[in-house]
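These are the residues of each chain, in order.
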Amino acid sequence: MPSFRPGFFEVPHAAVYALMTVTVLASGFCFIQAGGPAAPAELLYRYGGMYSGAIARHEYWRLLAYGFLHVNFVHLTMNMLCLVLWGGHLERRIGPAYFLIIYLCAMVFGAIIGNGIHSTPYLTVGASGATSGILGALLCLWILGKLDVGFDFFAINIGLNIAFALGNSRIDWGVHLGGFAAGLIACAVLDIIEKANSWALRCKFPEAVKVNLTLLACVAAL
């Protein structure tokens, strides 16, 4: 695939808008239930918050559900801002199907890594693991020479991500780290698959087919 030079801001595309819509609706529903701009822990737990015993109890649906819930309006706004600013660049470069795969992989593995790091009971929600995965995928493209941006782009964004994670005790830095690593690795794997497909099968799947296959895979997994 040819290299791509983004500007400061890229207009979001279909997958980003779809994820934003689902996230805002899910979080907004919790805020309405709570009767204010914040949701209590009990409500977040009920609707899918990730907690220490979820995997042991085989509640795997929480690995996805937690990423669409947020503690309060500020938490939601910050994550949606990251989704728009970073997601527009990534989706334009790799298409909506691969974007959804990377986003969901970062969400799931961010929760798994975060769960493994926690040694005490916890409850976590938010799309920060998934948005960190977007940043990790962009870094992967930059390493592969397929994204023409300066190193300062990553120094600023990764630096701010680390600063927020370490500067606020309520932020689950394990989810951030796990999501970032998952996004980077998933992007690298998808790049290898694309190269192998062009070399072995010599065929190109339309983006609509990729999206449909991705959605079917998600339904089958659920």
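Quick note: structure is the one above.
Definitions and limits used
Residues numbered from 1 in each chain as written. Predicted model: local features only at pLDDT ≥ 70, side-chain atom pairs only at ≥ 80, totals over all residues. Heavy atoms only, no water. 1 Å grid on protein atoms, 1.4 Å probe; cavity = no way out; pocket = protein on both sides within 12 Å on 5 of 7 lines; lining within 4 Å. Points joined across faces, edges and corners; volume = space filled by probe spheres on them. Helix = DSSP H or I, 4+ residues; strand = E, 2+ residues; numbered from the N terminus. Phe/Tyr/Trp six-rings, centres within 6.5 Å; stacked < 30°, edge-to-face > 60°. Polar contact = N/O pair within 3.5 Å; in protein donor to acceptor, adjacent residues only side chain to side chain. Contact = heavy atoms within 4.5 Å. Buried < 20%, exposed > 50% of the residue type's maximum accessible area, 1.4 Å probe, protein only. Lys, Arg positive; Asp, Glu negative; His and termini not counted. Salt bridge = Lys/Arg side-chain N within 4 Å of Asp/Glu carboxyl O. Patch = residues over 30% accessible without salt bridge, like charges linked within 9 Å, V, L, I, M, F, W, Y side chains within 5 Å. Areas by Shrake-Rupley, 256 points an atom, 1.4 Å probe, with all protein chains shown as cover.

Some details on the layout of surface pockets
Roughly 1,000 Å³ of internal volume is contained in the largest pocket. Surrounding the largest pocket, 39 residues form its lining, His75, Ser128, Arg170, Ile171 and His176 being those nearest its centre. Of all the elements in the fold, those that place two or more residues in the lining of the largest pocket are helix H2 (41–47), helix H4 (73–94), helix H5 (96–117), strand E2 (123–124), helix H6 (128–143), helix H7 (151–167) and helix H8 (173–201). Among the elements that make up the lining of the largest pocket, the one with the highest residue count is H4 (8 residues).

Describing the packing of aromatic side chains
Centre distance and the angle of the planes are the two values used to describe a pair of aromatic rings. Throughout the structure, instances matching the rule amount to 6 aromatic pairs. Taking the centre distance of 6.1 Å and the plane angle of 25 degrees together, the rings of phenylalanine 99 and tyrosine 103 count as stacked. Taken together, the positions of phenylalanine 99 and tyrosine 103, both in helix H5 and 4 residues apart, correspond to about one turn of that helix. Aromatic rings pair up to connect Trp142, Phe151, Phe153 and Phe154 into one cluster.

With respect to the side chain of serine 132
Tracing the backbone shows serine 132 in helix H6. At 2.8 Å, the side chain of serine 132 and the backbone oxygen of serine 128 are in polar contact. Those residues in contact with serine 132, other than ones at most four positions away along the chain, are Asn161, His176, Gly179 and Phe180.

Some words on the side chain of glutamate 91
Position of glutamate 91 relative to the elements: it lies in helix H4. Among buried Asp, Glu, Lys and Arg side chains, glutamate 91 stands out as unpaired, with arginine 92 the closest opposite charge at 11 Å. There is a polar contact of 3.3 Å between the side chain of glutamate 91 and the backbone nitrogen of alanine 14. Those residues in contact with glutamate 91 that lie beyond four places of it in its chain are His13, Ala14, Ala15, Val16, Pro96 and Phe99.

Concerning a nonpolar patch on the surface
Taken together, the side chains of Ile113, Ile117, Ile162, Leu166, Trp173 and Leu177 present a nonpolar region at the surface, about 580 Å² in accessible area. Secondary structure elements with two or more residues in the nonpolar patch: H5, H7 and H8. Tracing the chain through its elements places isoleucine 117 in helix H5.

Some thoughts on the pattern of salt bridges
In this structure the tally under the stated criterion is 3 salt bridges. Here arginine 62 ties to glutamate 59 by a salt bridge, and the two come within 2.6 Å at their closest N and O atoms. Glutamate 59 sits in the buried class, given a relative accessible area of 19%. Between aspartate 191 and lysine 195 there is a salt bridge, and its shortest N-O distance comes to 3.3 Å.

Remember that the coordinates give geometry; whether it matters functionally is a separate question.
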